[in-house]
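# Working through the structure, step by step
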There are 2 protein chains.
Amino acid sequence: MAAEQIIEARLTYVDGAFAPGVRVQVDAAGRIAAVGPLPQPPTRRFEGCALLPGFVNAHSHAFQRGLRGLGESYPCGVGSFWTWREAMYALVESLDRAQMRRLCEQAFVEMLACGITTVGEFHYLHHEDAGALDFAFDDVVIEAAAAVGIRLVLLASYYRTGGIGRPLAGGQRRFATPSVARFTEQVDALQRRVEPRAQSVAIAPHSVRAVPPEDFIALCREAEARQLPVHVHLEEQRREVEECVAALGCSPMEWVLDHVPVGPRFTAIHATHATPARLQRWLLAGAGVCLCPITEGNLGDGIADAPAMLAAGGRLCLGTDSNVRLDMLEELRWLEFAQRLRSESRGVFADAAGRLAPRLLESATRCGAAALGVDAGAIEPGRHADFVAIDLEHPSLAGCTAETLLAALILGSGGECVREVCVGGTWRAVRGDR
Amino acid sequence: MAAEQIIEARLTYVDGAFAPGVRVQVDAAGRIAAVGPLPQPPTRRFEGCALLPGFVNAHSHAFQRGLRGLGESYPCGVGSFWTWREAMYALVESLDRAQMRRLCEQAFVEMLACGITTVGEFHYLHHEDAGALDFAFDDVVIEAAAAVGIRLVLLASYYRTGGIGRPLAGGQRRFATPSVARFTEQVDALQRRVEPRAQSVAIAPHSVRAVPPEDFIALCREAEARQLPVHVHLEEQRREVEECVAALGCSPMEWVLDHVPVGPRFTAIHATHATPARLQRWLLAGAGVCLCPITEGNLGDGIADAPAMLAAGGRLCLGTDSNVRLDMLEELRWLEFAQRLRSESRGVFADAAGRLAPRLLESATRCGAAALGVDAGAIEPGRHADFVAIDLEHPSLAGCTAETLLAALILGSGGECVREVCVGGTWRAVRGDR
């Protein structure tokens, strides 16, 4: 258990702006107790740093870190998402417990290093022994996150079909969840298993192509009973939409909207090819969307209709997904830049007052925390003491003022300017000084 | 003058692949004398590093580094390239010699830190005193590059009109080149002024909108006489194309093709909105194109038709342009990713054998060197001893083999994995260890 702390950085991000002279009181349970010009002297000063809420990565498949540099060569690197998936399945079939652990740790270490303090691990690679349905890799993810010290939301994924109405094949058998009953038993076991101060569990029907309709409905009922977040891959690829229309008569997002009570606990991952009409239905129900700009660029998914999402007042969060590259500031930058390339205009994510950077930051903090159901994403009393300390002396930030810092950070810097991170009151240095 | 060196890294990039056991002999003039399994013992070992040719940044406006964090707020950050340009002009009007020097140094320091060893500085901000046409900032750029230790190609830019047939206005007067005669006098003076081992001069008619037709033709004649590279901004923005069609009856690229002898010394910057037909004419003439993915994303230019460029066998190089973000690996990654988003397929830059990363790397090395007319961009005898030493222990490269390293580097890492750089035989550490 961490001791109580009073933290003061040169600048602290509170209420959408950087301010000097802010002290943050952290209690022994690792939560923020008070924020402001507190009378107590700081126990920890960051003279050369700016303090931000730690970034929240709402969508990760940690094991895919093992494809780095591998998923880009002939034949899988030339083609499409679907050829890439073959490389990913080959990786899946090759992993034992030790390798899975190493890949998870590699991914989580890199996440912390770029300022990510919470990861939503959308975890479908359950089994070391596919025949035994051992769920051994669920434990591996939990242990790896605890060892690295990153906050974890384990989005336990349900995966039963290898396409609508098709059996699992090859590597997919390692994803298998045989029934909703067996799966919810596992969810209950995981909820008992996790470390409650830094870990929690949520429910993730993998996709409409991997979950039979009746199971999807039952899973959402279980999530409702437990008040857990629900994440689902929706409309990342045109072929995914087409196959759903052919089999079920509507798009995946429409199918979900028509069959389960979509609400604020729901997050659609990608929604790259969702039309404005169904996006509006989804978002007006209070559900959110998670975009994964680097992975969507890497996989050639296409560019989502963010203006339609923003017009509906949508809660948009951010994920590193395949972890091909881990840098949350780069994710934020290309969240906006991909939209600029699409629309040939600037400031797509700017709010009504023309403020861009604060709105972008919300995606990687407050919106991600809301999507994962964790008290993180802001430097406010009651939230977890999850911070990222930015090195103001870093060359990429030379010349910044308190007013331009956030935009410089998001549009012009990267993980290399992160000096330390804090998860639940525990600090970790992530790089030496230059 | 540097002493003769024999360098051996764990891996060295030669002939399109990483190999162990390669020694590189560097002569006292800072050039590569020999490469291979040389008998001489190394004077410098990089046990934990891979050696690549230093990156060549073929297009930069160093002073725009001063806009970092500033070009993203209301009103200039919300709108278009043209509203952003107003912010850039405001910066232009504010700069004195000391500020210009500081911004150039900031940009060049960041370039070295991410592995860029040569910069093509497309330099149009000539004057401290616009009334006196003093060309004072030309010296500033030369001095800043020498002080930082980066190889410089000063692309002296000609800028005479504030739009086709329109006089210069406001900040543009600091760009003024009053006549081809006065400009070529300045080019000759710069050629005498530069440090010949690390600096050279080229000619850059700014754009068809900023150079009167007869001056453009005369400049290309002068460049031909001096055998200098010619760089010109072409077709970055739709409005630029439309205004040219309205005024001159054809697009900017077509106008250049129709009026000057375009050939291998020519490079078009951006060509975002060039059609396949004119791109084919341009590239079949042997001229190249310089793409600037991060800036084009930041400015919302749009996505160039790289498949058409590649189909014509085009020499494509890479620039950091506005320097809003300085990371050459991120530039390379998004060169490919922007194309994937546009085409919804993967491996756009892959060669006929399906090799992606080596082809991408050529853009940032050999093709850039060719565009700038410098003997750099490859670890080969006769070339400048310009290297980047990649830290193989960096977490972003964990798990790589010699075969997957280049793809992991380009698709999954960034400037933070650069440990040291070498320009003309002189080494510089750019970061401490983690």
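Just so it is clear, the structure is predicted and the values come from calculations on it, not from any experiment. (Residues numbered from 1 in each chain as written. Chains lettered and ligands numbered in written order. Predicted model: local features only at pLDDT ≥ 70, side-chain atom pairs only at ≥ 80, totals over all residues. Heavy atoms only, no water.)

## Considering the packing of helix 5 (residues 213-226) of chain B against helix 7 (residues 252-259) of chain B
To describe two helices that pack against each other, one gives the angle between their axes and the distance between the axes. Residue and element names in this part refer to chain B. At a closest axis distance of 11 Å, the pairing of helix 5 and helix 7 adopts a crossing angle of 55°. Between helix 5 and helix 7, the angle falls in the class oblique. Considering only the axes of helix 5 and helix 7, their crossing is right-handed. Every residue of helix 7 that contacts helix 5 at Pro213, Phe216 and Ile217 is listed here: Trp255, Val256 and His259. (Axes fitted to C-alpha atoms, helices over the stretch in contact; angles between N-to-C directions. Helix = DSSP H or I, 4+ residues; strand = E, 2+ residues; numbered from the N terminus. Parallel < 35°, antiparallel > 145°, perpendicular 65-115°, else oblique. Left-handed = near helix turned anticlockwise from the far one by under 90°. Contact = heavy atoms within 4.5 Å.)

## A look at the nonpolar core
One finds Leu52, Phe108 and Trp282 of chain A together with Leu52, Phe108 and Trp282 of chain B to be the most contacted residues of the largest nonpolar core, which totals 296 residues. Those residues within four positions of tryptophan 282 of chain B in sequence are excluded, and the remaining contacts are Val232, Leu234, Met253, Val256, Leu257, Val262, Phe266, Thr267, Ala268, Ala287, Gly288 and Val289 of chain B. (Core = buried A, V, L, I, M, F, W, Y, C linked by side-chain atoms within 4.5 Å. Buried < 20%, exposed > 50% of the residue type's maximum accessible area, 1.4 Å probe, protein only.)

## Considerations on the interface of chain A and chain B
At the interface, 65 residues of chain A touch 65 residues of chain B. Both faces considered, chain A and chain B share a buried interface measuring about 4,900 Å² in area, 53% of it formed by carbon and sulfur atoms. At the boundary of chain A and chain B, one finds six salt bridges. Residue glutamate 330 of chain A is joined to arginine 333 of chain B by a salt bridge in which the shortest nitrogen-to-oxygen separation is 2.9 Å. The interface formed by chain A and chain B contains 20 residue pairs in polar contact (both at pLDDT 80 or more). (Buried area = accessible area lost by both parts, 1.4 Å probe. Salt bridge = Lys/Arg side-chain N within 4 Å of Asp/Glu carboxyl O. Polar contact = N/O pair within 3.5 Å; in protein donor to acceptor, adjacent residues only side chain to side chain.)

## Focus: the side chain of serine 363 of chain A
Among the secondary structure elements, serine 363 of chain A is positioned in helix 12 (residues 357-364). For serine 363 of chain A, the contacting residues outside a window of four places in its chain are Leu316, Cys317, Leu318, Leu332, Leu335 and Gly368 of chain A.

## Comments concerning the pattern of salt bridges
Across all of its chains, the model carries 68 salt bridges over all chains by this definition. Across the pair arginine 151 of chain B and aspartate 386 of chain B runs a salt bridge, and its minimum N-O distance is 2.7 Å. Of the two residues, arginine 151 of chain B is situated in strand 8 (residues 151-158) and aspartate 386 of chain B in the loop between helix 13 (366-372) and strand 14 (387-391); the sequence distance between them amounts to 235 residues. With relative accessibility at 3%, the residue arginine 151 of chain B sits in the buried group. Judged by its relative accessible area of 3%, aspartate 386 of chain B is buried. Note that arginine 419 of chain B is salt-bridged to aspartate 391 of chain B, the shortest N-O span being 3.1 Å. Linking arginine 419 of chain B in strand 15 (residues 418-423) with aspartate 391 of chain B in strand 14, this pair joins segments that are 28 residues apart in sequence. Overall, arginine 419 of chain B belongs to the partly exposed group, its relative accessible area being 22%. A single salt-bridge network, built from bridges that share partners, covers Arg101, Glu105, Asp139, Glu143 and Arg193 of chain A.

## Observations concerning the packing of aromatic side chains
Pairs of aromatic rings are described using the distance from one ring centre to the other and the angle between the two planes. A full pass over the atoms with the stated rule returns 29 aromatic pairs over all chains. Ring centres of tyrosine 124 of chain B and phenylalanine 175 of chain B lie 4.7 Å apart, and the angle between their planes is 80°; this geometry places the pair in the edge-to-face category. Highlighted residues: tyrosine 124 of chain B in the loop between strand 7 (116-123) and helix 3 (136-148) and phenylalanine 175 of chain B in the loop between strand 8 and helix 4 (180-193), separated in sequence by 51 residues. Taken together, the ring pairs connect Phe63, Tyr89, Tyr124, Tyr159 and Phe175 of chain A into an aromatic cluster. It is arginine 44 of chain B that lies over the ring of tryptophan 427 of chain B; its NZ or CZ is 5.4 Å from the centre. It is arginine 239 of chain B that lies over the ring of tryptophan 82 of chain B; its NZ or CZ is 3.9 Å from the centre. (Phe/Tyr/Trp six-rings, centres within 6.5 Å; stacked < 30°, edge-to-face > 60°. Lys NZ or Arg CZ within 6 Å of the ring centre and 35° of its normal.)

## Section: helix 3 (residues 136-148) of chain A
Residues and elements named next belong to chain A. Between the first and last C-alpha of helix 3 there are 19 Å, a value that for 13 residues agrees with the 18 Å anticipated at 1.5 Å per step. Of the residues making up helix 3, those classed as buried are Ala136, Phe137, Asp138, Val140, Val141, Ile142, Ala144, Ala145 and Val148. In this structure, the buried side of helix 3 is in contact with helix 2 (97-113), strand 7 (116-123), strand 8 (151-158), helix 4 (180-193), strand 9 (199-205) and strand 16 (426-429). After helix 3 finishes, the residue glycine 149 shows a positive phi value of roughly 95°. (Expected span 1.5 Å × (residues − 1).)

## Re the relation of the copies chain A and chain B
Taken as rigid bodies, chain A and chain B are interconverted by a rotation of 180° and an axial shift of 0.0 Å, the fit giving an RMSD of 0.0 Å. Overall, the copies show the geometry of a two-fold rotation axis. (Least-squares fit on C-alpha atoms with pLDDT ≥ 70 in both.)

## Points about the layout of surface pockets
All names here are of chain B. Taken as a whole, the largest pocket spans an internal volume of roughly 470 Å³. Together, 24 residues line the largest pocket, and Arg151, Glu195, Arg197, Ala198 and Gln199 are the ones closest to its centre. Listed by contribution, the elements that provide at least two residues to the lining of the largest pocket are helix 3, strand 8, strand 9 (199-205) and strand 16 (426-429). Considered class by class, the residues forming the lining of the largest pocket number ten nonpolar, eight polar and six charged. (1 Å grid on protein atoms, 1.4 Å probe; cavity = no way out; pocket = protein on both sides within 12 Å on 5 of 7 lines; lining within 4 Å. Points joined across faces, edges and corners; volume = space filled by probe spheres on them. Nonpolar A, V, L, I, M, F, W, Y, C, P; charged D, E, K, R; others polar.)

## Re the side chain of threonine 177 of chain A
All names here are of chain A. Within the secondary structure layout, threonine 177 lies in the loop between strand 8 and helix 4. Take threonine 177: its relative accessible area is 1%, and that puts it in the buried class. From its side chain, threonine 177 meets the backbone nitrogen of tyrosine 159 in a polar contact 2.8 Å long. Once residues within four sequence positions are removed from consideration, threonine 177 is found in contact with His126, Phe135, Ser157, Tyr158, Tyr159, Arg160 and Phe183.

## What to know about the state of the cysteines
Residue and element names in this part refer to chain A. A full pass over the atoms with the stated rule returns zero disulfides over all chains. Considering cysteine sulfurs only, cysteine 244 is the nearest to cysteine 220, which forms no disulfide, with 14 Å between them. According to the relative accessible area criterion, cysteine 220 is buried, its value standing at 5%. Of all cysteine sulfurs, the one in cysteine 290 lies closest to cysteine 317, which takes part in no disulfide; the gap is 3.9 Å. (Disulfide = S-S within 2.5 Å.)

## Concerning helix 14 (residues 405-412) of chain B
Of all eight residues making up helix 14 of chain B, eight are buried, and the element is well covered by its neighbours. All of the buried residues in helix 14 of chain B are Leu405, Leu406, Ala407, Ala408, Leu409, Ile410, Leu411 and Gly412 of chain B.

## Details of the environment of cysteine 114 of chain B
All names here are of chain B. Looking at the element boundaries, cysteine 114 is found in the loop between helix 2 (97-113) and strand 7. Placed 60 residues apart in sequence, cysteine 114 and glycine 54 show a C-alpha to C-alpha distance of 9.6 Å. Residues in contact with cysteine 114, not counting those within four places in the same chain, are Phe55, Leu326, Asp327, Met328, Gly415 and Val418.

## Focus: the pairing of strand 7 of chain A
Residues and elements named next belong to chain A. Burial analysis of strand 7 places eight of its eight residues in the buried class, the great majority of the element. Sheet analysis places strand 6 (residues 55-60) next to strand 7, joined by four bridges and oriented parallel. Paired with serine 60 across the bridge in strand 7 is glutamate 121. As paired elements, strand 7 and strand 8 share six bridges and run parallel to each other. Looking across to strand 8, one finds that phenylalanine 122 is bridged to leucine 155. Handedness of the crossover joining strand 7 and strand 8 through helix 3 is recorded here as right-handed. (Pairing = 2+ DSSP bridges. Right-handed = clockwise from strand over helix to strand, strands pointing away.)

## Let's talk about the packing of helix 7 of chain B against helix 8 (residues 276-284) of chain B
Residues and elements named next belong to chain B. Two elements in contact, helix 7 and helix 8, have axes whose closest approach is 10 Å; the angle formed by their N-to-C orientations is 40°. For the element pair helix 7 and helix 8, the recorded crossing hand is left-handed. Between helix 7 and helix 8, the residues in contact are Met253, Glu254, Val256, Leu257 and Asp258 and Arg278, Leu279, Arg281 and Trp282, respectively. Along the lines of polarity and charge, the residues of the contact of helix 7 with helix 8 split into five nonpolar, no polar and four charged.

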